[in-house]
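# Working through the structure, step by step
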Amino acid sequence: MANLQSNLAGIKSPNPFWLASAPPTNSGYQVMKAFDAGWGGAVWKTLGVPVVNVSSRYGSVNYRNSRMIGFNNIELITDRPLRDNLREITEVKKRFPDHAVIASLMVETKEQWHEIMRQVTDAGADGVELNFGCPHGMCERGMGSAVGQEPKVLKTIVSWVKEVATIPVIVKLTPNITDITRPAVAAVEGGGDAISLINTIQSLVGVDIDNFVPYPVVDGKSTNGGYCGPAVKPIAMNMLKNCAQNPNVTIPISGIGGIENWRDAVEFILLGATNVQVCTAVMHYGFGIIRELTDGLERYMDEKGFQTIDDMRGLALPNIKHWEDLNLKYKVVASINPDKCIGCQLCYTACEDGAHQAIGLSTNLSDRIPHIIEENCVGCNLCSLVCPVEECITMERRDDGTETKTWADRTAAGNIPTTFNDELAGGLHHWVPEPGDALKKRVPRHYKVSGE
Amino acid sequence: MSEFLPPHTESDFESNFSQLKPLMNSTEAYYESSRCLFCYDAPCVNACPTGIDIPLFIRQINSDNIFGAAKTIFDSNYFGHACGKVCPTEVLCEGACVYNHSDVKPIEIGRLQSYATAKAIVADKLFYTPAAKNGKKVAVIGAGPAGISCACELRLHGYEVDIFDSKAMPSGLTMHGVAPYKITNEDVLDEMAYLEKQFGYRLFHNTTISAKEDIDQLQRNYDAIFLGIGLGSTSELNIPGEDLENVFGAVEFIEELKIHHHFVSVPKKVIVLGGGNTAMDAASESARMGAERVILAYRRSREEMGAYDFEYELAKSVGVKGMFNVSPVEIMSFEDSVNQKVPFRGFRVKQRH
Ligand SMILES: Cc1cc2nc3c(=O)[nH]c(=O)nc-3n(C[C@H](O)[C@H](O)[C@H](O)COP(=O)(O)O)c2cc1C
Ligand code: SF4
Ligand code: SF4
Ligand code: SF4
């Protein structure tokens, strides 16, 4: 049986699933409930000088019938007195000594950093996470992402904390920056024991088009918020990969951003995360999702023969190359399985209007099964992505796998297009229809411009 | 066997005839519209006799452009609301939906259609205004779907239109012939009022055009005449006993029921002759009116019935029993022991071999 135990820079937890610092970790009540449900650790809602929040704090992006695929908040750090939070941390640790309780911190001066470090350590926290990520409100006051965007400042503050730290220090990074590895390296240089990423992305999730004000609406006005939830996962994973592949980022990484199920967690771990943190999914579905998370991860590990999380960590990293190192000889083409096709013809319009005119409609009126015009297919995958039937369009390999030639190879050999009408252009001998042919095409009778 | 007690009040009637395709609420409409794939050259459109751009109106619903959706529907079909409810969608648009090929429930196109159009009707959102008068007048005979649609179209081109109908209310079959569980009279009349308001044709009710003189007169007064006369009476059986008391044509029975609801009384035992959709309706309706035994007798096999399968299934679901390969030869009546006239004792039937 796989061992789900996790160890991030010395902070141990029964499994790699932590609650991220956010409303689900607002109180001892919630954290106890989460541990009881099976969560391995919790990063407490960020502590500091308590704030005053606005009412109407969240907005969301719904996609068709899926709610909250993206989630946005304008909430600040904790609004509860430090004293109460510390007492509850102690209480939780007493009841759950093997679970990880991390105190998330955000203060301003060196003295405050030192003071709060001492207090949370005394309360029994297993580690701290420095919140350099919050992209709204706190950054206007010189904290949060204002620090995370300035690697020098970030490094200085980490070193202040490290002056007094007796427990591991995690540095939480903001994604609101062009190159995530710069603050990551600064965290290492400041002496940080781990980094965690990503915090939320600056965002506006929508505009009330009747009243001309973005969401969430606070008395007729709004402000930018921080974006999270499933929609940010691809951005988080790319940043995670950038840090994990950087040789100067020598400390472990806690992965955050859009994780909702065990598959997401596995992906993060394969990209180099030591553990993962979850917020939006819990705000959406509650602590109970941990049952699916741990079960799925355990089954996956058993199936693959991984004993520990470390066995699988970073396994996808060697397969992430620069574009110039990809094999230009690799060739796939789309293939439609007529037994599965339901005749929606979405692949046809996708390729016809959005790709390479490599799909033809059936001439047989009864079946509507399109066909691939192989010589036009560049193997872009688009049709297979839009097809609503699982495994109906597959991409079939056409090269024999014996040849490898990359852009880097071609560059070295002086074999790349360099002039505007270069004979070496990739699309030169690729068939494209004549522009005027577009107007000769028969279109369905109801595809008329409205008002015609 | 009776599932339904004879209705004594309008609310009994409504519950016995609860709507098969009830109006969606906005959440249901949003979820259902989300499933539509927006197929290219969509088979549902091609299966719609009026060619409504279904993927377009569904996408409009999904992006909360409900009036835009309603306009898309009415542009192709002035009876957009009624059709959403009464069309045999199972064999038309929904039957053609690509989801059927992956054994996934097809999109509920009919209900989405009624959802969007009902919103426009309730909000009194008017989309059409007649064109300036072109000086021509057309007489339309029959205020059913064909006649009304014709009138709407003519009004858009500037014709003056007078519609003549023998009934007291418009919409022909929709009002008088469609089973009450498919659409309510209010819904029918609301859509009629909505159209009349926008297109401004004149309706002359209780006006039967039957004699040659009537036609001659119309020909004198109008530039053209449109015959929109779909709904006829039930065909005759031509067997003895057909004119006995309590022997009705299905069309007449349904009409009676549509107009008088719970005031119609249906006896305990009913036999319906025929295998078409009207027969199925009459049988279902008898059962829903509290008849304890309803037998549907058809002269050929079940497979040969003209009715849609789902209509027969619907009748069976309310307890109707099918009897096949039997032809009636006579309807008989007799007087019982206390000299009360019993309308008929039964049929003599001939078994088909
Ligand atoms: C396959 C692909 C190729 C693109 N190529 C270009 C490009 O050549 N030039 C450019 O300015 N943007 C390019 N873009 C970016 C798009 O113009 C656009 O900014 C981006 O996709 C975001 O818009 P969307 O969410 O509507 O797709 C490309 C996008 C895609 C998906
Ligand atoms: S893979 Fe791309 S080019 Fe090939 S058929 Fe599909 S959409 Fe067209
Ligand atoms: S998208 Fe898939 S199901 Fe639809 S027509 Fe193409 S192959 Fe068939
Ligand atoms: S066939 Fe079905 S899925 Fe396709 S456009 Fe029509 S309703 Fe939508």
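About the cut-offs
- Residues numbered from 1 in each chain as written.
- Chains lettered and ligands numbered in written order.
- Predicted model: local features only at pLDDT ≥ 70, side-chain atom pairs only at ≥ 80, totals over all residues.
- Heavy atoms only, no water.
- UniProt positions renumbered as here; feature names shortened; annotations may be inferred.
- Near = heavy atom within 4 Å.
- Nonpolar A, V, L, I, M, F, W, Y, C, P; charged D, E, K, R; others polar.
- Pairing = 2+ DSSP bridges.
- Helix = DSSP H or I, 4+ residues; strand = E, 2+ residues; numbered from the N terminus.
- Axes fitted to C-alpha atoms, helices over the stretch in contact; angles between N-to-C directions.
- Salt bridge = Lys/Arg side-chain N within 4 Å of Asp/Glu carboxyl O.
- Expected span 1.5 Å × (residues − 1).
- Buried < 20%, exposed > 50% of the residue type's maximum accessible area, 1.4 Å probe, protein only.
- Arc of directions from axis to C-beta.
- Contact = heavy atoms within 4.5 Å.
- Buried area = accessible area lost by both parts, 1.4 Å probe.
- Polar contact = N/O pair within 3.5 Å; in protein donor to acceptor, adjacent residues only side chain to side chain.
- Right-handed = clockwise from strand over helix to strand, strands pointing away.

In the annotation of an unreviewed UniProt entry, chain B is listed under the name FAD-dependent oxidoreductase and assigned to Candidatus Opimibacter skivensis.

Under an unreviewed UniProt entry, the name given to chain A is dihydrouracil dehydrogenase (NAD(+)), and the source organism is Candidatus Opimibacter skivensis. If you open the UniProt record of chain A and go to Sequence similarities (unreviewed entry), you find "Belongs to the dihydropyrimidine dehydrogenase family." Regarding chain A, the relevant UniProt record gives this comment under Subunit (unreviewed entry): "Heterotetramer of 2 PreA and 2 PreT subunits."

This brings us to the site of ligand 4. The local shell around ligand 4 consists of Cys36, Leu37, Cys39, Ala42, Cys44, Pro55, Cys97, Val98, Ile107 and Ile109 of chain B. Residues belonging to the shell around ligand 4 are distributed by class as follows: ten nonpolar, no polar and no charged.

This paragraph deals with the site of ligand 2. Around ligand 2 sit 13 residues in total, of which Cys351, Cys377, Cys380, Asn381 and Cys383 of chain A are the nearest. Each residue belonging to the shell around ligand 2 can be placed in one class, and the counts come to eleven nonpolar, two polar and no charged.

Bringing the sheet that holds strand 11 (residues 201-203) of chain A into the picture now. All names here are of chain A. Within the open sheet, the four strands sit side by side as 5-6-14-11. Their pairing is antiparallel. In the strand order of this sheet, the two ends are held by strand 5 (58-63) and strand 11, each with one partner. Strand-to-strand twist across the sheet, computed as the mean angle between neighbouring axes with direction ignored, equals 45°. Of the strand pairs in this sheet, strand 5 and strand 6 (residues 66-73) are connected by five bridges, and their pairing is antiparallel. Each bridged residue has a counterpart across the sheet, and for Gly59 the counterpart in strand 6 is Asn72.

Applying the stated criterion across every chain, the model contains 34 salt bridges over all chains. The residue Lys105 of chain B makes a salt bridge to Glu108 of chain B at a minimum N-O spacing of 3.2 Å.

What follows deals with helix 5 (residues 151-164) of chain A. It helps to recall that an α-helix has 3.6 residues per turn; residues three or four apart then point in one direction. All names here are of chain A. Between its first and last C-alpha, helix 5 extends 21 Å over 14 residues, near the 20 Å set by a 1.5 Å rise per residue. Turning to helix 5, its buried residues are Pro151, Leu154, Ile157, Val158 and Val161. Down the axis, helix 5 shows its buried residues gathered within 130° of arc, on one side only. As for helix 5, its buried residues are in contact with helix 3 (110-123), strand 8 (127-131), helix 4 (145-148), strand 9 (169-172) and helix 6 (181-189).

This brings us to the interface of chain B and chain A. Listed as interface residues are 21 residues of chain B and, on the opposing side, 21 residues of chain A. Counting each side, the surface lost to burial between chain B and chain A is near 1,900 Å², with a carbon and sulfur contribution of 52%. Contact with chain A buries surface across chain B, with Leu37, Tyr40 and Asp41 of chain B losing the most and accounting together for 38% of the total. Taken together, the links from chain B to chain A amount to zero salt bridges. One can count eight residue pairs in polar contact (both at pLDDT 80 or more) joining chain B with chain A. Looking at the side of chain B that touches chain A residue by residue, the class counts come to twelve nonpolar, six polar and three charged.

Let's shift gears to the UniProt feature "domain: Dihydroprymidine dehydrogenase" (unreviewed entry) in chain B. On the UniProt side, "domain: Dihydroprymidine dehydrogenase" (unreviewed entry) is annotated at positions that read residues 15-120 of chain B here. End-to-end, the C-alpha atoms of residues 15-120 of chain B are 26 Å apart, and along that stretch the chain is 57% helix and 0% strand.

What follows covers the pairing of strand 15 (residues 253-256) of chain A. Residues and elements named next belong to chain A. With burial as the criterion, each face of strand 15 is covered, one bearing Ile253 and Gly255 and the other bearing Ser254 and Ile256. In this sheet, strand 15 lies alongside strand 10 (residues 194-197) in parallel orientation, the contact comprising three bridges. What sits directly across from Ile195, in strand 15, is Ile253. In this view, the connection linking strand 15 to its parallel neighbour strand 16 (residues 275-278) by way of helix 8 (residues 262-270) has right-handed handedness.

Residues in a regular strand point their side chains to alternate faces of the sheet. Residues and elements named next belong to chain A. Burial along strand 16 is two-sided: Asn275 and Gln277 and Val276 and Val278, pointing in opposite directions, are all buried. In this structure, strand 3 (residues 17-19) lies alongside strand 16, joined through three bridges in parallel fashion. Each bridged residue has a counterpart across the sheet, and for Leu19 the counterpart in strand 16 is Val278. Looking at chain direction, strand 15 and strand 16 are connected through three bridges and run parallel. Bridged to Gly255 within strand 16 is Val276.

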